[in-house]
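# Examining the three-dimensional arrangement
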Amino acid sequence: MSEHRSDNSAYALAWRLPMILWQGLFFIGPLIFMIAMSFFLVKNYRMEPALQVGNWTKTLSRGFFWDSYFLTLWLAGLAVIITTCVAFPASCFLAFRVSDLARRWAIFFLIIPFFTSYLVRIFAWQVILAQQGVINAGFSLFGIGPYTMLNTKFGTMIGYLTLCLPLAVILQTFSLANIDKRLVEAAHNLGCGRLRTIFTVVVPLAKTGLIVAAVFCFILSFGDFVAPYYLGGSKPPTLSIMIIDTSKSGQQWPRAAVVAIMMIVTMLVVALTAIGYAYRKRR
Amino acid sequence: MKKLLNVSRRDALKAGAAAVLAMPFVSRAWAQAVEINMLAWYGHGEPDMVGAFEAANNVKFKPKYYAGGDNMLALIAQSPPGTYDIILSDAEFVQQLNVAGLIEEMNAADYPFDDMIYDDFKQFPGHWKDGKLYSMMVRCGHLGVSYNTTAISEEEAKSYKCYWKPEIKGKVGHFDWHLPSLGQMSLLNGNGAKLWDVDEAGWGKIKETTMSLRPQVGGYFDYGGTFNGLKNGEMMAMAGIGDWITGVLEKDGAPVKSVVPVEGGIQWTESYSIGKGTAKADIVKKFIQYMLSPEGQAVSAQMAAYPGFAITNGGRKALNETNPKEAQRTGQMDGAPNDPVTLIKEGRIHYRDIPKQQTLEDWNDFWQEYKNA
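Residues numbered from 1 in each chain as written. Chains lettered and ligands numbered in written order. Predicted model: local features only at pLDDT ≥ 70, side-chain atom pairs only at ≥ 80, totals over all residues. Heavy atoms only, no water.

## Comments concerning helix H7 (residues 153–177) of chain A
Residues and elements named next belong to chain A. Basically, it comes down to this: In DSSP terms, a helix is any run of H or I states spanning at least four residues, a strand is any run of E spanning at least two, and both are numbered starting from the N terminus. Given a helix with a known number of residues, its expected span is that number minus one, times 1.5 Å. The seven residues ending at a residue and the seven starting there each receive a fitted axis; the angle between those axes is the bend at that residue. Any residue under 20% of the maximum accessible area for its type is buried, any over 50% is exposed, and the rest in between are partly exposed; the area is computed with a 1.4 Å probe on protein chains only.
Given a rise of 1.5 Å per residue, 25 residues ought to cover 36 Å, and the 34 Å separating the end C-alpha atoms of H7 matches this to within 8%. Where H7 bends most, at Cys164, the angle is about 40 degrees, and the proline Pro166 comes one to four residues later. Within H7, 18 of the 25 residues are buried, which leaves the element mostly enclosed by the surrounding structure.

## Some remarks on the domain arrangement of chain B
Residues and elements named next belong to chain B. Cut-off, in case you're wondering: Those domain boundaries reflect an automatic or database domain assignment. It only takes one pair of heavy atoms within 4.5 Å for two residues to be counted as in contact. Summed over both partners, the accessible area lost on bringing two parts together, with a 1.4 Å probe, is the buried area. In the sections that follow, a salt bridge refers to a side-chain nitrogen of Lys or Arg positioned within 4 Å of a carboxyl oxygen of Asp or Glu. Contacts described as polar in this section are N or O atom pairs within 3.5 Å, which, within protein, must combine one atom able to donate a hydrogen with one able to accept it, while residues neighboring in sequence count only if both atoms come from side chains.
Examined at the domain level, chain B breaks down into domain 1 (34–139 + 269–334) and domain 2 (145–263 + 351–372). Computed over C-alpha atoms only, the centres of domain 1 and domain 2 are separated by 26 Å. Each partner contributes residues to the interface: domain 1 has 20 residues there, and domain 2 has 17 residues. Around 1600 Å² of area is buried between domain 1 and domain 2 when both sides are counted, 58% of it from carbon and sulfur atoms. For the pair domain 1 and domain 2, the interface holds five salt bridges. Taken together, domain 1 and domain 2 are joined by six residue pairs in polar contact (both at pLDDT 80 or more). Those elements that provide at least two residues to the side of domain 1 that touches domain 2 are helix H4 (69–78) and helix H13 (324–329).

## Considering the pattern of salt bridges
Residues and elements named next belong to chain B. For the structure shown, the criterion picks out 26 salt bridges over all chains. When the shortest N-O distance is used, the salt bridge between Glu250 and Arg329 registers 3.0 Å. Of this pair, Glu250 sits in helix H9 (residues 243–251) while Arg329 sits in helix H13, and the two are 79 residues apart along the sequence. For Arg316, the salt bridge is made with Asp334, and the minimal N-O distance between the two is 2.9 Å. Placement of the pair is Arg316 in helix H12 (residues 313–322) and Asp334 in the loop between H13 and helix H14 (340–345), with a sequence separation of 18 residues. What makes Arg316 buried here is its relative accessible area of 6%. Note on Asp334: relative accessible area 70%, which makes it exposed.

## Concerning the nonpolar core
Residue and element names in this part refer to chain B. How we decide: Nonpolar cores are built from buried Ala, Val, Leu, Ile, Met, Phe, Trp, Tyr and Cys residues. Side-chain atoms within 4.5 Å join them into one set.
If you look at the biggest cluster of nonpolar residues, it comprises 110 residues, and the most contacted ones within it are Phe121, Tyr163, Trp244, Phe287 and Ile288. The biggest single contributor to this core is helix H10 (residues 281–292), with seven residues. Among the domains, domain 1 (34–139 + 269–334) and domain 2 (145–263 + 351–372) are the pair contributing at least three residues each to this core.

Here it is as structure tokens:
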């Protein structure tokens, strides 16, 4: 019996090894290097290995770093709230109201945006949101506007939704579709209203999927550079823009590494807390 | 016509076989082309600039583009020595390339110094060290007030103060590089020729002036964003740029323009250097000679990505012959009121430089603070 178990574990390990190696080489390795780099020195635009905390103290002691940090946190949090609220009714509709065939088609159409580069989609939004763009042209027909939408936080949010919304709908739909519909019917039979059914039956049962969708949305928005730069006009800059600014000017990769580590730590804390909550058993 | 289209199967097979047999020769011809690695601002390695030279010399340029001198130094620092055969640098950064030992000495006799349009260009700061030449100036342009003519009048554009015009609140953009924008603020503060050489008090005032512009600012843009911002009317004025951006849009019919204001303008200057340790120094030298020839200068002045001024008499003459309209638009005609050389002689233009009493890091730190304000 124990021989069989040992064979089995060797077999399992053989399959797991590529994944472990991949993560080690391309995630853990660079991560360790980035942490080490945050203690390096820059002299004449060249990095020199060193062990000094100057990059950390200098970056974390500046007001503009924390302004940028909380702004990024706020924008990503807002993107999660808006995405979740917009995606949920659509996901409910796809999960409960349409046939399997229609749902498959809808999922296919939700995947289609990913066929095009995100950057291209963002540039398309520039044309739509511009002062002389499509939306303002529409407003002008009613004698209103033009409104400034590009190079604002509104523009940034549109970019985040472009990135996250299709993914959130897909994840939420899968999660909701797996709910045992008899439970929903039972709730109705026992006199539970529509809204109450959603909040006391549907949401708790789909909690894991809903939270995973929200976590994805947070991670994608928190680290996104394209939307705040090209639709938000880099005004004010988010942490990802700060990384670009810091690294391109003066070769300050070590300080950019500090910003990146702060971002990774934040994302890990948010993701682990959310996942912990998602899988927490009811008492 | 019918006969032409009536190709037999045998003919098609013959043509196909010929094409297949010719393939090795085609690929061999490509393989023989010498590859030249170029580090430059966007557009310098594009066909309109290097196409004729590539065809005539069987070489192929492989460009790596950057935006801003700091960015260029960072890219070089990340690459092993000898990565780049030719480096196009902003003139103010040549000195740092030289100090870091990244560029080869050049032979002054190889280049047309006698034909330079202005004496200063023969001994451009930082290009020579101990009587030895390290970089060859190839083109330049002027930065000033770049504006949308529907929002700012010609009279208003005569001063950087127009950036503060209440009607364009939220519509002033910045090219996202601290040096030209802060240089313009220094000029507005009346620092004139000493715009890069300011003491702590002067630096404090530059920061103050810049911060007061913050409520007007609508965004910070890279090269593409700067174009789009002005073209789609999102930005009505753009600090830190000049005709190198508006010139392209103007030719496209956009109502934008650049002028040198009364406080003075800044000259950007681009120079070619030969990368240290390159095995292709001879062909690189030939390319730099081509770019300084009348033909190369005319091509450079009309560069599709962003126009510049010819810096040799031969180049200016060639531009006037091949595209008099562009020569007139940019003032590159003897006697034109906006002749770039006249502007320099009048003391209205100052060569872009790096800060003398602060470090680039100081300026960059403030720039980040400004963007986050």
